[in-house]
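# A closer look at the structure
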Amino acid sequence: MRTSSPVSSARYYKCIRRRATWFSLQYLNRTEGKRKRTGKAEGEMDDKEKRKKDENANNDDKVTLKKEIGLLSACAIIIGNIIGSGIFISPKGVLEHAGSVGLSLIVWVCGGGICALGSLCYAELGVTIPKSGGDYSYVTEIFGGLVGFLLLWSAVLIMYPTTLAVIALTFSNYVLQPVFQNCEAPFIAIRLLATICVLFLTWVNCSSVRWATRIQDIFTVGKLLALVLIIVVGLVQIFKGHYDALRPSVAFEFSQDPSFGQIALAFLQASFAYSGWNFLNYVTEEIVEPRKNLPLAIYISIPLVTLVYTMTNIAYFSSMTPQELLTSNAVAVTFGEKLLGMFSWVMPISVALSTFGGINGYLFTSSRLCFSGAREGHLPHLLAMIHLKNCTPIPALLVCCLATVLILCLGETHNLINYVSFINYLSYGVTIAGLLYLRKKRPNLARPIKVNLLVPITYLLFWAVLLFCSLYSEPVVCGLGMVIMLTGVPVYFVGVQWKEKPKWIYILLERVTYMGQKLCYVVFPQEDSSSETEPLTAKAID
């Protein structure tokens, strides 16, 4: 009986690279032919204009991720990913655990401050290791492949598909609410609309980075306008004298004795509403002038979101008693029904639009995580390829879409949300601990931004306290979250570390990759010599 001889992964990668290069050459030959056919029309141009046009044409023809995210779009990605359904729902959970209006407002302000500390650390990491992929890229660079793979494994397997599914279901529920006013929307209708929404936004992201960022810009403005409407209506109520719940003597009347554990749980609820503050780091290589615009976008967005969140909660308490807020399942909708009268429909539509933009932002960033993982060799090479013409990571987007649809088909997502929250929070601490480790290990590494050591230390102390409270209050959930993450250990050693696999495995992977290239019309991206990524990455490895 004949057995398959082992083949090295390097040889397999060379074969895949050759086929990808062939696809790329075919495309470039066609574009070169088109340019030659139009050469006569350009004959009358002077040499300077010709050189400029040829240079622009070469840049346009280069198959690489395009730098199309300016400062405005960068701010929109951060704000759009933070402001999802959280601010419309989380105030109930924060108030319930805080026990008083005054302490809940303090939690919202401090929650924004903690996010600001974390985002400052990510700004330093983002310009020191300017790779797309966020937490995964930084942890892989600092701690090595296994730790990075475990973050990637949990994110691709459960974290981002579940988050996308939950946001899509929230969108579907709020869109269908006006249609089914006196009863619950059918289970099938909710799932179907959520699936259609995910499929549509996947198509948009596959078609054009510019389309995706424009959608993000527009819907981020829409979210802010909805919250500004709530704030303005709340301020009008305050000027009319309706602010009894905000008086200091009333605001700090506790419905229960405040305890350390309950305050920690209130912070966890607020952190859910603030989640997404690190998402710009997932698309670093597509930001125009990342060393300038990445930190600037963070400095603008986090304080703005903190201000808007705090003012929104003040507006809620100007028109609703704490008891009314605690009995509401959707605070913004109850607020609209109480104050907006015939225009109360604006609130559910605003929540739906907010979640629609959130789905787009999560798809955009999570696909870049898959792309980065495949580029490091931790996922199939097909996921590291981009479309020849649109320069979008179509295979990575399709994997994110398929995983989300599968989660939607499962039906029950609430238990998965708890596991996701723990894994997500764990990854923040590991990444920022990596910043301290990198400071000690590579003190002479070029750092365009260098935050004070008190910033990461303060964040990690706060993170450790909340993590301990989570483990104490929900040991089963946290334990299962760790189990999900650790299932990636055998996968890493079999799929990544095992280099001499049987020949038939490489043949199968090669055929699947080749078929995927033909279906999606994708190749490996070319290196961009004008990118800021390469020099800093090289310094990080030396």
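Assigned secondary structure in the protein chain consists of 23 helices and four strands. Pairs at least 24 residues apart make up 83% of the contacts formed inside the protein chain by residues separated by at least 6 positions. Of the accessible surface of the protein chain, which amounts to about 25000 Å², a share of 65% is contributed by carbon and sulfur atoms.

With that settled, consider the pattern of salt bridges. Under the defined criterion, the tally for this structure stands at nine salt bridges. Here E324 ties to K338 by a salt bridge, and the two come within 2.7 Å at their closest N and O atoms. Residue E324 is found in helix α14 (residues 322–326), and its partner K338 is found in helix α15 (residues 331–339); the two are separated by 14 residues along the sequence. Given the relative accessible area of 41%, K338 is considered partly exposed. What emerges from the salt-bridge pattern is a single network uniting E124, R439 and R447.

On to the environment of S119, then. Here S119 shows up in helix α6 (residues 101–128). By relative accessible area, which is 2% here, S119 ends up buried. Those residues within four positions of S119 in sequence are excluded, and the remaining contacts are W277, I298 and I302.

Here we come to helix α3 (residues 71–82). Here α3 contains 12 residues, and its C-alpha end-to-end distance of 17 Å stays within 8% of the 16 Å for a straight helix at 1.5 Å per residue. In terms of burial, α3 is largely enclosed, as 10 of its 12 residues are buried. Burial in α3 covers these residues: S73, A74, C75, A76, I77, I78, I79, G80, N81 and I82. The secondary structure elements touched by the buried residues of α3 are α10 (209–239), α12 (260–274), α13 (290–319) and α16 (346–375).

This part covers the side chain of N205. Along the polypeptide, N205 turns up in helix α9 (residues 187–207). Reaching out from N205, the side chain makes a polar contact with the backbone oxygen of L201 at a distance of 2.8 Å. Looking at N205, its side chain comes within polar contact range of the side chain of N360, at 3.1 Å. With residues up to four places along the chain from it excluded, the contact list for N205 reads A212, N360, L363, F364, T392 and L397.

Okay, the packing of aromatic side chains next. Tallied over the full model, the rule gives 24 aromatic pairs. Here the aromatic rings of W108 and Y309 are separated by 5.7 Å at their centres, their planes lie at 90°, and the arrangement is edge-to-face. Highlighted residues: W108 in helix α6 and Y309 in helix α13, separated in sequence by 201 residues. Just as W108 is buried, Y309 falls in that class too. Members of the aromatic cluster, each reached through a chain of ring pairs, are Y122, Y138, W277, Y425, Y428 and Y459.

This brings us to the state of the cysteines. According to the stated counting rule, one finds zero disulfides in the structure shown. Of all cysteine sulfurs, the one in C206 lies closest to C401, which takes part in no disulfide; the gap is 8.1 Å. Using a relative accessible area of 6% as the deciding quantity, one classes C401 as buried.

Here we come to a nonpolar patch on the surface. A contiguous nonpolar patch, built from M342, F343, W345, I349 and L353 and spanning about 550 Å² of accessible area, is present on the exposed surface. In this structure, I349 sits in helix α16.

As a further point, take the side chain of T163. For T163, the position within the fold is in helix α8 (residues 145–176). Among the polar contacts made by the side chain of T163, one reaches the main-chain carbonyl oxygen of M159 at a distance of 2.7 Å.

Orientation of α16 relative to helix α17 (residues 394–410), taken along the N-to-C sense of each, is 115°, at an axis distance of 8 Å. Seen from above, α16 lies across α17 with right-handed handedness. Across the interface between the two elements, L363, S366, S367, C370 and F371 from α16 touch A396, L397 and C400 from α17. Across the contact of α16 with α17, the residue classes tally to six nonpolar, two polar and no charged.

Of note, the phi angle at E289 is positive, near 50°, even though the residue is not glycine. Its location among the elements puts E289 in the loop between α12 and α13. Non-glycine residue C391 carries a positive phi angle of around 55°. By relative accessible area, which is 3% here, C391 ends up buried.

Bringing the nonpolar core into the picture now. Counting 142 residues, the largest nonpolar core has I230, L280, Y309 and I359 as its most contacted members. Beyond its immediate chain neighbours, meaning those up to four positions away, I359 contacts L164, I167, A168, F171, C197, V198 and L201.

To continue, consider the confidence of the model for the protein chain. Across the protein chain, pLDDT averages 81, with 83% of residues at or above 70. For the protein chain, per-element mean pLDDT is lowest for helix α23 (residues 533–541), which scores 41, and highest for α9, which scores 92. Here residues 1–5 is a poorly scored stretch, pLDDT under 50, and it has six contacts once near neighbours within four places are set aside; other chains count. Residue range residues 533–542 is modelled with pLDDT below 50. Its contacts to residues more than four positions away, or to other chains, number 19 contacts.

In contact at an axis separation of 8 Å, α8 and α17 are set at 65° when each is read in the N-to-C sense. Where α8 crosses over α17, the handedness of that crossing is right-handed. Contacts from P161, T162, L164, A165 and L169 in α8 reach A403, T404, I407 and L408 in α17. Classifying every residue of the contact of α8 with α17 gives seven nonpolar, two polar and no charged.

Before going further, it helps to spend a moment on helix α21 (residues 488–497). Given 3.6 residues per helical turn, the α-helix brings residues three or four places apart onto the same face. Within α21, the full set of buried residues consists of G488, Y492 and V496. Down the axis of α21, the sector holding all buried residues measures 45°, keeping them to one side. Among the structural elements, α8 and α20 (475–486) are those in contact with the buried residues of α21.

Quick notes on the rules
- Residues numbered from 1 in each chain as written.
- Predicted model: local features only at pLDDT ≥ 70, side-chain atom pairs only at ≥ 80, totals over all residues.
- Heavy atoms only, no water.
- Helix = DSSP H or I, 4+ residues; strand = E, 2+ residues; numbered from the N terminus.
- Contact = heavy atoms within 4.5 Å.
- Areas by Shrake-Rupley, 256 points an atom, 1.4 Å probe, with all protein chains shown as cover.
- Salt bridge = Lys/Arg side-chain N within 4 Å of Asp/Glu carboxyl O.
- Buried < 20%, exposed > 50% of the residue type's maximum accessible area, 1.4 Å probe, protein only.
- Expected span 1.5 Å × (residues − 1).
- Polar contact = N/O pair within 3.5 Å; in protein donor to acceptor, adjacent residues only side chain to side chain.
- Phe/Tyr/Trp six-rings, centres within 6.5 Å; stacked < 30°, edge-to-face > 60°.
- Disulfide = S-S within 2.5 Å.
- Patch = residues over 30% accessible without salt bridge, like charges linked within 9 Å, V, L, I, M, F, W, Y side chains within 5 Å.
- Axes fitted to C-alpha atoms, helices over the stretch in contact; angles between N-to-C directions.
- Left-handed = near helix turned anticlockwise from the far one by under 90°.
- Nonpolar A, V, L, I, M, F, W, Y, C, P; charged D, E, K, R; others polar.
- Core = buried A, V, L, I, M, F, W, Y, C linked by side-chain atoms within 4.5 Å.
- pLDDT = per-residue confidence, 0-100.
- Arc of directions from axis to C-beta.

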